[in-house]
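Chain by chain, the residues run as shown.
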Amino acid sequence: RRDFVTTTSAAIAALSPRQRKSEDIAHAVSVAEALAAGDFFTFFKLYVSAPKMGGFAMDFFVDRVRMVALNAYVGSMNPLIDLHDLKRWLHFNKRKECFRFLKEKGIKFSEDNKFVDTKASREARSTPSAPKRGVAPAVRKPHPTKLTLKR
């Protein structure tokens, strides 16, 4: 996160006043500022209002931002979050889309599937079930054999 902020700050500082007036550049700067601040509400507002083809460019990383936002919401709210609210906060067009995304990410729901159970979701997501990213899988030991070298 620190690298992102540093790199983004350096890129913004290098912009000329003329470049900063461009609608596209101003939007990109606002997106970078929202991400650096962890302001998900503003980020998704900018996602919807992206000029020209900016929304399509943001599609490449919007799911990662949704995951960061989801982790923040699930980690800070108890005991339930209304699925309708999460749909709006994570900016999904349809409830079914949101439900599928959450289910793929291991989120647990209430019995009626109208709420996210934050406690159960935190517990399920903290249980190690697969090797974490960046951790090498266990190496199988070779079958013990007796090696003899001929001279």
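Residues numbered from 1 in each chain as written. Predicted model: local features only at pLDDT ≥ 70, side-chain atom pairs only at ≥ 80, totals over all residues. Heavy atoms only, no water.

Colleague: Could you clarify how one ought to interpret the environment of D112 in this entry?
Modeller: Along the chain, D112 turns up in the loop between α8 (95-104) and β2 (115-117). For D112, the side chain forms a polar contact with the side chain of S110, separated by 2.5 Å. A polar contact is formed between the side chain of D112 and the backbone nitrogen of K114, at a distance of 3.1 Å. (Helix = DSSP H or I, 4+ residues; strand = E, 2+ residues; numbered from the N terminus. Polar contact = N/O pair within 3.5 Å; in protein donor to acceptor, adjacent residues only side chain to side chain.)

Colleague: Got a minute to help me understand unusual backbone geometry in this structure?
Modeller: Comment: phi is negative for the bulk of residues other than glycine, and the bulk of peptide bonds are trans. The residue after N78, namely P79, is reached through a cis peptide bond having omega -20 degrees. Relative to the assigned elements, P79 resides in the loop between α6 (62-76) and β1 (80-82). Even without being a glycine, K52 presents a positive backbone phi close to 50 degrees. In the Ramachandran plot, H91 falls in the positive-phi region, its phi being about 55 degrees despite a non-glycine side chain. Position of H91 among the secondary structure elements: in the loop between α7 (83-89) and α8.

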